[in-house]
Amino acid sequence: MRMILIALGVALLVAILVPALFMLAMMTAMMGGGMMGSFVTGGMMSAGPAWVMLGLVLLVLIAGGALVAAGVRR
């Protein structure tokens, strides 16, 4: 069970977090070079997807870390 939890946590981090970070970087670059730069150039609504993606990345990071921590503790 320990190995399964650690493998699931690592797979979650690698399979979801890496592409999500890449997409976040691409979205940020297309919006003007920065998260806060989009507030100036495109208004407040254009920054929404970048913040949602950042929230998703943080959620996956926390979930993957929790699975790895649970596996290490067992």
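Analysis parameters
- Residues numbered from 1 in each chain as written.
- Predicted model: local features only at pLDDT ≥ 70, side-chain atom pairs only at ≥ 80, totals over all residues.
- Heavy atoms only, no water.
- Helix = DSSP H or I, 4+ residues; strand = E, 2+ residues; numbered from the N terminus.
- Patch = residues over 30% accessible without salt bridge, like charges linked within 9 Å, V, L, I, M, F, W, Y side chains within 5 Å.
- Areas by Shrake-Rupley, 256 points an atom, 1.4 Å probe, with all protein chains shown as cover.
- Salt bridge = Lys/Arg side-chain N within 4 Å of Asp/Glu carboxyl O.
- Core = buried A, V, L, I, M, F, W, Y, C linked by side-chain atoms within 4.5 Å.
- Buried < 20%, exposed > 50% of the residue type's maximum accessible area, 1.4 Å probe, protein only.
- Contact = heavy atoms within 4.5 Å.
- Expected span 1.5 Å × (residues − 1).
- Bend = angle between axes of the 7 residues up to and from the residue.

Q: Would you mind going over the overall build of the protein with me for this structure?
A: The helix and strand inventory of the protein stands at three helices and zero strands. Counting helices and strands in the order they occur from the N terminus, the protein gives α-α-α.

Q: Looking at this model, I keep getting lost on a nonpolar patch on the surface. Mind explaining?
A: Together, Val 10, Val 14 and Val 18 line one region of the surface with nonpolar side chains, adding up to about 250 Å² of accessible area. Within the secondary structure layout, Val 14 lies in helix α1 (residues 2-30).

Q: Explanation requested: the nonpolar core in the structure shown.
A: Within soluble globular proteins, side chains that are nonpolar tend to cluster in buried spots. Counting residues in each nonpolar core, the largest one holds six residues, listed as Leu 17, Ala 20, Leu 24, Met 53, Val 57 and Val 60. What Val 57 contacts, discounting residues up to four positions off in sequence, is Leu 17, Ala 20 and Leu 21.

Q: I tried to follow α1 on my own but got confused; where do I start?
A: Residues that lie three or four places apart on an α-helix share one face, since the helix turns once every 3.6 residues. Between the first and last C-alpha of α1 there are 42 Å, a value that for 29 residues agrees with the 42 Å anticipated at 1.5 Å per step. When the local axis directions of α1 are compared, the greatest deviation, roughly 30°, occurs at Leu 17, which is followed within four positions by the proline Pro 19. Three or more residues of α1 are buried, namely Leu 5, Gly 9, Leu 17, Ala 20, Leu 24 and Thr 28.

Q: Mind showing me how you'd approach the environment of Leu 58 here?
A: Here Leu 58 lies in helix α3 (residues 48-73). Look at Leu 58 and you get partly exposed, because its relative accessible area is 44%. Measuring from C-alpha to C-alpha, the distance between Leu 58 and Leu 17 comes to 8.8 Å, with 41 residues separating the pair along the chain.

Q: Whenever I open this one, the environment of Leu 61 confuses me. Can you help?
A: Take Leu 61: it is sitting in helix α3. Of the residues examined, Leu 61 reaches a relative accessible area of 41% and is grouped as partly exposed. Leu 61 has contacts with Leu 13 and Leu 17, leaving out every residue within four places of it along the chain.

Q: How should I be thinking about the environment of Thr 28 in this particular structure?
A: Note on placement: Thr 28 falls in helix α1. For the pair Thr 28 and Trp 51, spaced 23 residues apart in sequence, the C-alpha to C-alpha distance is 9.9 Å.

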